[in-house]
Amino acid sequence: MSSQSLVVRKAAVLGSGVMGAQIAAHLANADVPVVLFDLAAKEGDPNAIVKKAIEGLKKLQPAPLVTRDRLAHIDIGNYDQHLDKLRDCDLVIEAISEKIEWKVDLYGKITPYLGERTIVASNTSGISINQLAGSFPAERRSRFCGVHFFNPPRYMQLVELIPAQVTDPAMLDALEAWLVTRMGKGVVRGKDTPSFVANRIGLFSILAVMYHTEQFKLGFDEVDALTGPRIGRPKSATYRTADVIGLDTIAHVTDSQFDTLASDPWRDYFKSPTWLSGLIGKGALGQKSGGGIFRKAGRDIMVLDSASMDYRPSTLGVAPEVEQILKNRNAAERFAALRASSHPQAQFLWAMFRDVFHYSAYHLAEIADNARDVDFAMRWGYGWAQGPFEIWQSAGWKAIADAIQADIAAGKTMAQVPLPAWVAARDGVHQPDGSYSAADNAVKPRSSLPVYRRQLFPDLILGETHERGETLLENDGVRIWRMPAVDARIAILSFKSKMHSLGKEVVEGIYQAVAMAEADFDGLVISHDAPFAVGANLAEVMQLVKAQQWDELDRVVAHFQGATKALRFAQVPTVAAVEGMAFGGGAEVAMHCAHRVMALESYIGLVEAGVGLIPAGGGCKEMARRASEAAMRRERQDPWEEIHKSFGSIIRGMVSKNAVDAKSMGFACDGDTVLFNARELLYVAIRQARAMFEGAYRPPLPARAIKVIGRPGNATLHMDLVNLREGGFMSAHDYVVSEASALVLCGGDVEPGTLVDEQWLLDIERRQFVELLKNEKTQQRMVYMLENGKPLRN
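Residues numbered from 1 in each chain as written. Predicted model: local features only at pLDDT ≥ 70, side-chain atom pairs only at ≥ 80, totals over all residues. Heavy atoms only, no water.

> What is the right way to look at the overall build of the protein in this model?
From N to C terminus, the protein includes 30 helices and 23 strands. The C-alpha atoms of the protein give a radius of gyration of 29 Å, which matches the 28 Å a tight globule of 794 residues would have. Its C-alpha atoms give the protein principal-axis dimensions of about 80 × 65 × 60 Å. Burial analysis of the protein (794 residues in total) assigns 56% to the buried set. Pairs at least 24 residues apart make up 71% of the contacts formed inside the protein by residues separated by at least 6 positions. For the protein, the accessible surface area stands at approximately 33100 Å², while carbon and sulfur atoms represent 51% of it. A gap of 1 Å separates the mean positions of the 88 positive and 94 negative side-chain charges of the protein. (Helix = DSSP H or I, 4+ residues; strand = E, 2+ residues; numbered from the N terminus. Rg over C-alpha atoms; globule rule 2.2 N^0.38 Å. Buried < 20%, exposed > 50% of the residue type's maximum accessible area, 1.4 Å probe, protein only. Contact = heavy atoms within 4.5 Å. Areas by Shrake-Rupley, 256 points an atom, 1.4 Å probe, with all protein chains shown as cover. Lys, Arg positive; Asp, Glu negative; His and termini not counted. Charge placed at Lys NZ, Arg CZ, Asp CG, Glu CD.)

Okay, here's the thing in structure tokens:
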């Protein structure tokens, strides 16, 4: 059940443009050494083009690299001098410009340098894979396919895998497994048709929006208000997305589709609108040129008026009556109301959805194996909350089909073609045992590749449910359960509170889970959907603060410290499966487990300073303990360097940029596991707990000789604080909060080099925490956070 049947010791990426450079970066993220190639520069350094691309990776946002040191794993090369570097590459990804003659010419150059088992894959977004495969010698064609990443490659889940007719099926299966686990991707297999799956539907959706914007005489800002989160699409909606992509790119792709899709009934949608050509002619290409459909004028956002071709303030939004329709959570009622409404915005939305449904059904057999692949492609590649078939089915399959047919009969649709016959013969495309394949007229189950057995809770399609396992204990705060089909003797603890905050019931649940695991199981895994945990339940704490129950607050904090200690010293291995945010107390829970299995996109930090507090669930204690142990390993006199680093992150409330960064910040350990595919977290966490138990796991003994830096270290940290305060980088209350952190991290008012135990540090933590709760400015921060969801700087 692993992807190890495909071994990629080294890879190459041909083309150092926006996509090629970022694909190379993500290979380096995944610990795959990579050679990034491009043309030799005509003047000066022959490698100048690639070097410029690598420099660009340092500045690009969102960051394509998990850490800057990954650049060391990207080698450089040009086609004139370095093709010999391809000889030891197991995977070569071509990502040059979308010119078939350029690709064919490059394939001819590289072929003599390829190993017998080397896989070559094109990142083309739409050129025929069969045509490209034909440019290789016959003996190489079985090792060629399309591998289409989406931008930005690190963050977008979708990769389309497109075989040629002669592609080796076993190679394709192995590559899919490798992409899923090693690169963390959601793979959809596309057919060799123009634009494959996601872009075929996604581009049509954009063009349908553009067409109906004009038909219903709506403003671009008005349409973006309609086609963003209100209908389950990203915040950038339609026209802001077009600006980000580049209006010239949109025009190039639509023109190409117009030429390629000569028999498509919707072909006229692929004609560039007059206003689009006008903007391109003026050099207004979108974000890359400083403006396109939208542009900034000082602090104001201006939007193009397509009638006058001039800009006006972006002020139009959703009409109240349409807003009311969109708030209806019942999809069938919502769509019925859109069809019945005479408001142009409602009619626009219905027309746009109708055309996307019609187009998706009409082309399903041509572009994809089944409806599930189309829906996942749109969710993973375009950020839709649901794919087109899921939306249609949830709104009532037959009712929507009848409405589409009625509009066709009434001449309201551009494409005067009926829905495929299979639509009327079915009551939907998704069912518990699989999704409909129009090409085979059959329901297709999910892939049977072993790699997917690692995903105990895969992304669900409409109509599917997860196997819940066996519940051992459940209340409003937690669920303790197990999965007998995986490992009946590993207990699982899941938090149920909002954002998995750590209230009384959750903390009590930690004690119960550890006790049950020690008594009846071989290990304990903490696992639930992201976020891992956002920290303490501030509302519960605030109630005690208002009642001035300081002794009770001291007991509450001590009780939470006891819970994290229970995780650290449990007699069976405890494993935290971390994804998303692990803030404050959530970070402390993870830090005290014996091992962490973290999704790459995990953001961990001790952020208590934002509400005027310090970490008090053992966070400061752990940082001091780890600093002392690191200093001992490196044979340094004191742990000053590590303490200073930890102090800086705590007082600023710094959060790791990812799981790898969490290790360097001290929130995770070097030996912790980082997974690129978050859907594999629970499987790997259970296996990790099992391996630790089978390895005769022994919990650590409480540390009794933590070397602290004492009064001199505290004084030095205070000098830093004074400079920050006097420089205007810190408020007066920030200073007070930071003083408390400094005192704990330095071990209190003791001589430097004093050896203290863990409880000593926990006691200082708890006292400082409770004293800060008595401070009016801390209370103001807590109230502000509860009311506004963001920190107050006072």
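Back to the write-up after that little detour.
> So what exactly am I meant to see when it comes to the sheet that holds strand E2 (residues 34–38) here?
Two orientations exist for strands paired in a sheet by backbone hydrogen bonds: parallel and antiparallel. An order of E3-E2-E1-E4-E5-E6-E7-E8 is seen for the 8 strands of this open sheet, with the pairing classed as mixed. A strand with exactly one partner marks an edge of an open sheet, and here the two such strands are strand E3 (74–78) and strand E8 (186–189). The mean inter-strand angle of the sheet, taken between neighbouring strand axes irrespective of direction, is 25°. Looking at chain direction, E2 and E3 are connected through 5 bridges and run parallel. Its bridge partner lying in E3, Asp38 is registered against Asn78. (Pairing = 2+ DSSP bridges. Axes fitted to C-alpha atoms, helices over the stretch in contact; angles between N-to-C directions.)

> Before we go on, may I ask you to explain the nonpolar core in this structure?
Generally speaking, soluble globular proteins have nonpolar side chains that are buried together. Tyr239, Trp275, Ile293, Leu349, Phe389, Trp392 and Trp422 are the most contacted members of the largest nonpolar core, which totals 86 residues. Look past the residues within four positions of Ile293 in its chain and what remains in contact with it is Phe220, Tyr239, Ala242, Asp243, Leu247, Trp275, Leu279, Met302, Val303, Leu304 and Tyr311. In terms of nonpolar packing, the next biggest core, distinct from the first, is built from 81 residues, Val514, Leu606, Met665 and Val744 among them. (Core = buried A, V, L, I, M, F, W, Y, C linked by side-chain atoms within 4.5 Å.)

> Whenever I open this one, the pairing of E2 confuses me. Can you help?
Looking down a regular strand, the side chains alternate between one sheet face and the other. In terms of burial, E2 is a largely internal element, 5 of the 5 residues being buried. The alternating pattern of E2 places Val34, Leu36 and Asp38 and Val35 and Phe37 on opposite faces, both of which are buried. Examined bridge by bridge, strand E1 (residues 11–14) and E2 share 4 bridges and lie parallel to one another. The partner of Ala12 across the bridge, within E2, is Val35. In this view, the connection linking E1 to its parallel neighbour E2 by way of helix H1 (residues 18–29) has right-handed handedness. (Right-handed = clockwise from strand over helix to strand, strands pointing away.)

> What's the story with the side chain of Ser731 in this structure? I'm lost.
Mapped onto the elements, Ser731 comes out in the loop between helix H27 (710–726) and helix H28 (732–745). Note on Ser731: relative accessible area 13%, which makes it buried.

> So what exactly am I meant to see when it comes to helix H24 (residues 640–651) here?
One full turn of an α-helix is made of 3.6 residues, so residues set three or four places apart face in the same direction. End to end, H24 covers 16 Å across 12 residues, agreeing with the expected 16 Å (1.5 Å per residue, within 8%). Among all positions of H24, only Glu642, Ile643, Ser646, Phe647, Gly648, Ser649, Ile650 and Ile651 are buried. Those residues of H24 hidden inside the fold are in contact with helix H23 (619–633), H27 and H28. Of the residues trailing H24, Gly653 is marked for its positive phi of about 60°. (Expected span 1.5 Å × (residues − 1).)

> Got a minute to help me understand the packing of helix H20 (residues 538–546) against helix H21 (residues 550–569) in this structure?
When two helices pack together, you describe them by how their axes are tilted relative to each other and by the distance separating the axes. Running from N to C, H20 and H21 cross one another at 155°; their axes reach a closest spacing of 8 Å. Here H20 lies roughly antiparallel to H21, going by the angle between them. Crossing of H20 over H21 shows left-handed handedness. Each of Val541, Leu544 and Val545 in H20 lies in contact with H21, whose residues at this interface are Trp550, Glu552, Leu553 and Val556. For the contact of H20 with H21, a count of residues per class yields 6 nonpolar, no polar and 1 charged. (Parallel < 35°, antiparallel > 145°, perpendicular 65-115°, else oblique. Left-handed = near helix turned anticlockwise from the far one by under 90°. Nonpolar A, V, L, I, M, F, W, Y, C, P; charged D, E, K, R; others polar.)

> Even after reading the chapter, I still don't get the pattern of salt bridges, so can you show me in this structure?
Oppositely charged side chains may form a pair once their charged atoms are brought near each other. Here the structure, examined in full by the defined rule, presents 52 salt bridges. A salt bridge links Glu642 to Arg634, with the nearest nitrogen and oxygen atoms 2.9 Å apart. Each of the salt bridges in this network shares a partner with another, and the network as a whole consists of Arg568, Lys621, Glu622, Arg625, Arg626, Glu629 and Glu758. (Salt bridge = Lys/Arg side-chain N within 4 Å of Asp/Glu carboxyl O.)

> Got a minute to help me understand the state of the cysteines in this structure?
Here, disulfide denotes a covalent bond that connects the sulfur atoms of two cysteines. As enumerated under the stated definition, the model contains 0 disulfides in all. Lacking any disulfide linkage, Cys89 is separated from the closest cysteine sulfur, that of Cys145, by 16 Å. Taking the relative accessible area as the measure of exposure, Cys145 reaches 0% and is therefore buried. (Disulfide = S-S within 2.5 Å.)

> Would you mind going over unusual backbone geometry with me for this structure?
That bond from Gln61 to Pro62 is cis: its omega, -5°, falls within 30 degrees of zero. Inspection of the secondary structure puts Pro62 in the loop between helix H2 (48–59) and E3. Of note in this structure, Asp31 is not a glycine but carries a positive phi near 65°. Looking at the secondary structure, you find Asp31 in the loop between H1 and E2. Although it is not a glycine, Ser195 sits at a positive phi angle of roughly 70°. The topology assignment puts Ser195 in the loop between E8 and helix H6 (198–215).

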